[in-house]
Amino acid sequence: PASIAVGTIGATATNEGDEQGRANHTKYYLAACVRITREVDPNRFRLVPQNEAERRRREADLAQEQMIQNQLLIVSRFVKVWCYDATNQLREEITPPDLEETAGSVTKLL
């Protein structure tokens, strides 16, 4: 993960008698966002295309690589959050990025 955060969400105890009640209402969370990179082989096109079919194959490959890079950029802006409470019920949420923004909604968790 590129960033990770762990903590608790819940009410705080006001006196010692509230400790058990607070423990039953406390929720724990783990949040993470990932950074995915893909290294492109710089030597994949060593020769100049000799005909139209080779030129089209190269253009298709370059377009596919650009699409993969764009999808990886979008995925790296997601934040995944896992929450569980005293009953050990696990809930998972994924916060998608706003596709109109150039920066993610959460850029650094810690």
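Residues numbered from 1 in each chain as written. Predicted model: local features only at pLDDT ≥ 70, side-chain atom pairs only at ≥ 80, totals over all residues. Heavy atoms only, no water.

## Considerations on the overall build of the chain
Rules: Where helices and strands are cited, they refer to DSSP runs of H or I of at least four residues and of E of at least two residues respectively, numbered from the N terminus. Only protein chains enter the accessibility calculation, which uses a 1.4 Å probe; a residue is then buried when its area is under 20% of its type maximum, exposed when over 50%, and partly exposed in between. We call two residues contacting when some pair of their heavy atoms lies within 4.5 Å. Only the protein chains shown count as cover for residues, and the accessible areas themselves come from Shrake-Rupley with a 1.4 Å probe.
Regarding its fold elements, the chain presents 2 helices and 4 strands. Reading the chain from its N terminus to its C terminus gives the helix and strand order β-α-β-α-β-β. Considering the chain as a whole, with its 110 residues, one finds that 15% of them fall into the buried category. Counted over contacts in the chain with a minimum sequence separation of 6, partners at least 24 positions apart contribute 54%. Carbon and sulfur atoms form 53% of the exposed surface of the chain, whose accessible area is close to 8700 Å².

## Notes on the side chain of glutamate 65
For clarity, the cut-off: Two N or O atoms form a polar contact when they lie within 3.5 Å of each other; inside protein one atom must be a possible hydrogen donor and the other a possible acceptor, and for residues adjacent in sequence the pair counts only when both atoms belong to side chains.
Along the polypeptide, glutamate 65 turns up in helix H2 (residues 52–75). A polar contact is formed between the side chain of glutamate 65 and the side chain of glutamine 69, at a distance of 3.0 Å.

## Some thoughts on the pattern of salt bridges
To keep it simple, the criterion reads: We count a salt bridge whenever a side-chain nitrogen from Lys or Arg sits within 4 Å of a carboxyl oxygen from Asp or Glu.
Scanning all chains against the criterion turns up 8 salt bridges. Here glutamate 65 makes a salt bridge to arginine 38, at a shortest N to O gap of 3.0 Å. You can see glutamate 65 sitting in helix H2 and its partner arginine 38 sitting in the loop between strand E2 (27–33) and H2, a full 27 residues away along the chain. Residue arginine 38 is classed as partly exposed on the basis of its relative accessible area, which comes to 42%. Note that glutamate 93 and arginine 91 form a salt bridge whose closest N and O atoms lie 2.8 Å from each other. Given a relative accessible area of 39%, glutamate 93 falls into the partly exposed group.

## Looking at H2
Note the cut-off: A helix is expected to reach a length of 1.5 Å times the quantity of its residues less one.
Between its terminal C-alpha atoms H2 stretches 35 Å, which fits the 34 Å expected from 24 residues at 1.5 Å a residue. Its side-chain oxygen at 3.2 Å from the backbone nitrogen of alanine 53, asparagine 51 defines the N-terminal cap of H2.

## As for the sheet that holds strand E1 (residues 3–9)
Backbone hydrogen bonds hold the strands of a sheet together, and the pairing may be parallel or antiparallel. Applied cut-off: Only when DSSP finds a minimum of two bridges between them are two strands counted as paired. Fitted lines through C-alpha atoms give the axes, limited to the stretch in contact for helices. The angle between two N-to-C directions lies from 0 to 180 degrees.
In spatial order, the strands read E1-E2-E3-E4; together these 4 strands make up an open sheet with antiparallel pairing. Of all strands in the sheet, those bounded by a partner on one side alone are E1 and strand E4 (90–95). Averaged over all pairs of adjacent strands, the angle between strand axes in this sheet comes to 15°, irrespective of strand direction. Sheet analysis places E2 next to strand E3 (residues 79–84), joined by 5 bridges and oriented antiparallel. Its bridge partner being in E3, tyrosine 28 is matched across the sheet by tyrosine 84.

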